[in-house]
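Chain residues, written in single-letter form:
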Amino acid sequence: MATFFEQVINGLTIGSFYALVALGYSMVYGVMKLINFAHGDLFALGSYLGYTLLIMGSSIVTARFGLWGGMALAMLFALLGVGAAGVLMERVAYRPVYPAGRLPLVVSALGMSIFLQNGIMAIWGARPQAYPASVVPSSRFSVLGVPVTTLQLVILLLSFALMLIIWYVVEKTTFGAAIRATALDRNTATLMGIDVRVVIFFIFALGPALGGLAGVMNGLYYRAISFNMGWTYGLKAFTATILGGIGNIPGAMLGGLLLGLMESMFAGYVSGAWKDVFVFVVLIVVLLWRPTGLLGEKTAEKV
């Protein structure tokens, strides 16, 4: 039984990475009706930004701020850096293509994915890198006989807190109402006095920023990172978005956590080599049963 709960903790930890990236997919799709295929590569960029700060400034950062302070700074650096990259990407690659329709936007997103992936390879090299063990906390404790690392606990608490904050902002605040109104009809929202540019800025800053933060968490958890990891994680996060219901904020959270749990359970009890196959088989079954995902595709309501 202890093994089962250990796999649950592992699955929720992995699922939190997927959920944070899936939130970015859902937010962009909900407002822009755009599948941002470059989103996974922004996740990889966040991993490398956090790695750079911890490697190049480890002697200064950890000495001055301590282990946890250094981790917090790495996460903040990735959060701000990738958020800025997301805004720049919207301005350069997407905004000029809006009038051309959805298909050119998809092509532009794929082009940005290739650009980011090759940019990471050019700057940091093609060889995989590793977060140094000295900057990763190794302490652990036991909860009802289940071993849990301090890092896992921090990742889970931070991820769930961010998910709840985003849900509250989108669903319960005036600005969230503006986001939902923009998702319903951008032209009408503009006529009603909503600055659509601010809404677009917000989703293209926050969505990538969450992905960048998840990238640092992933690097601290697994330690190994590579320039092409964004495609794999982006695909899984997109799968999580479809599983929960695309455009649905709670659906993205649920889909990511379920995906992580399914991977962990199958890897722990059956085979790690076939876990991805199992996950996609489950996705196909779910979509045959509920084509719009477990919680349904989010449709904006009158606000």
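Look up a bit, the structure's there.
No experiment lies behind these values; they were computed from the predicted model shown.

**Q** Got a minute to help me understand the overall build of the protein in this structure?
**A** Along the backbone of the protein there are eleven helices and four strands. Taken over C-alpha atoms, the radius of gyration comes to 19 Å for the protein, in line with the 19 Å a tight globule of 303 residues would show. For the protein, the spread of C-alpha atoms along the three principal axes comes to 55 × 45 × 35 Å. Put simply, the protein has 303 residues, and 51% of those count as buried. For the protein, long-range pairs separated by at least 24 residues make up 77% of all intrachain contacts whose partners lie at least 6 apart in sequence. Accessible area of the protein: about 13900 Å², with a carbon and sulfur share of 70%. Averaging the locations of the 17 positively and 10 negatively charged side chains of the protein gives two centres separated by 4 Å.

**Q** What is the right way to look at the packing of aromatic side chains in this model?
**A** Centre distance and the angle of the planes are the two values used to describe a pair of aromatic rings. In this structure the tally under the stated criterion is 13 aromatic pairs. Ring geometry for tyrosine 48 against tyrosine 51: centres 6.4 Å apart, planes inclined by 75°, an arrangement best described as edge-to-face. Of this pair, tyrosine 48 and tyrosine 51 both sit in helix H2 (residues 39-56), three residues apart, which is roughly one turn of that helix. On the basis of relative accessible area, tyrosine 51 is assigned to the buried category, the value being 12%. Between arginine 186 and the ring centre of tyrosine 98, over which it is positioned, the NZ or CZ distance is 5.9 Å.

**Q** Hey, could you run me through helix H8 (residues 196-222) in this one?
**A** Spacing of three or four residues puts side chains on the same side of an α-helix, whose turn is 3.6 residues. Spanning 27 residues, H8 covers 39 Å between terminal C-alpha atoms, matching the ideal 39 Å at 1.5 Å per step. The buried fraction of H8 is high, at 20 of 27 residues. Of the residues that open H8, the one with a side-chain oxygen 3.2 Å from the backbone nitrogen of arginine 197 is aspartate 195. Of the residues flanking the end of H8, it is arginine 223, one or two places downstream, whose phi is positive at about 75°.

**Q** What is the right way to look at the pattern of salt bridges in this model?
**A** When the charged atoms of two side chains with opposite charge come close together, those side chains can pair. Evaluation of the coordinates by the stated rule reveals four salt bridges. Here glutamate 90 makes a salt bridge to arginine 91, at a shortest N to O gap of 3.8 Å. Residue class for glutamate 90 comes out buried when judged on its relative accessible area of 2%. Residue class for arginine 91 comes out partly exposed when judged on its relative accessible area of 42%. Put simply, glutamate 90 and arginine 95 hold a salt bridge, and the shortest N to O gap is 3.3 Å. Under the relative-accessibility criterion, arginine 95 is labelled partly exposed at 35%. In this structure, a network of salt bridges that share partners links the residues Glu90, Arg91 and Arg95.

**Q** It is not clear to me how the side chain of threonine 13 should be interpreted in this structure. Could you clarify?
**A** Summarising the element assignment, threonine 13 is placed in helix H1 (residues 2-32). Here isoleucine 9 takes part through its backbone oxygen, which lies 2.8 Å from a polar atom of the side chain of threonine 13. Ignoring sequence-local partners within four residues, the contact set of threonine 13 consists of Gln152, Ile155, Leu156 and Tyr221.

Conventions we followed
All residue numbers refer to position in the chain's written sequence, counted from 1. A pLDDT threshold of at least 70 governs which residues receive local features in this predicted model, and a stricter bar of 80 or more applies before side-chain atom pairs are shown or counted, although totals over entire chains, interfaces and linings include all residues. Hydrogens and water are ignored here; the side-chain numbers use all heavy atoms of the structure. For helices the rule is a DSSP run of H or I covering at least 4 residues; for strands it is a run of E covering at least 2, with both sets numbered from the N terminus onward. Two things to know: the radius of gyration comes from C-alpha atoms, and the globule rule equals 2.2 Å times the number of residues to the power 0.38. Note on exposure labels: buried denotes an accessible area under 20% of the residue type's maximum, exposed denotes more than 50%, and partly exposed covers the range between, all computed with a 1.4 Å probe on protein chains only. Pairs of residues are marked as contacts when any of their non-hydrogen atoms sit within 4.5 Å. Accessible surface is estimated by sampling points in the Shrake-Rupley manner with a 1.4 Å probe; for residues, cover comes only from the protein chains shown. His is not counted here, nor are the chain ends, while Lys and Arg score as positive and Asp and Glu score as negative. Lysine's charge is taken at NZ, arginine's at CZ, aspartate's at CG and glutamate's at CD. Each aromatic pair joins two rings of Phe, Tyr and Trp (for Trp, the six-membered one) with centres within 6.5 Å, and gets the label stacked for planes under 30 degrees apart, edge-to-face for over 60, and tilted for any other angle. For a ring to carry a charge above it, either NZ of a lysine or CZ of an arginine must fall within 6 Å of the ring centroid while also lying within 35 degrees of the normal to the ring plane. Between the first and last residue of a helix there are one fewer steps than residues, each counted as 1.5 Å, and that sum is the expected span. Polar contact criterion, stated in full: a pair of N or O atoms within 3.5 Å, where within protein one must be able to donate a hydrogen and the other to accept it, and residues adjacent in sequence count only if both atoms are side-chain atoms. A pair is scored as a salt bridge if a Lys or Arg side-chain nitrogen falls within 4 Å of a carboxyl oxygen belonging to Asp or Glu.

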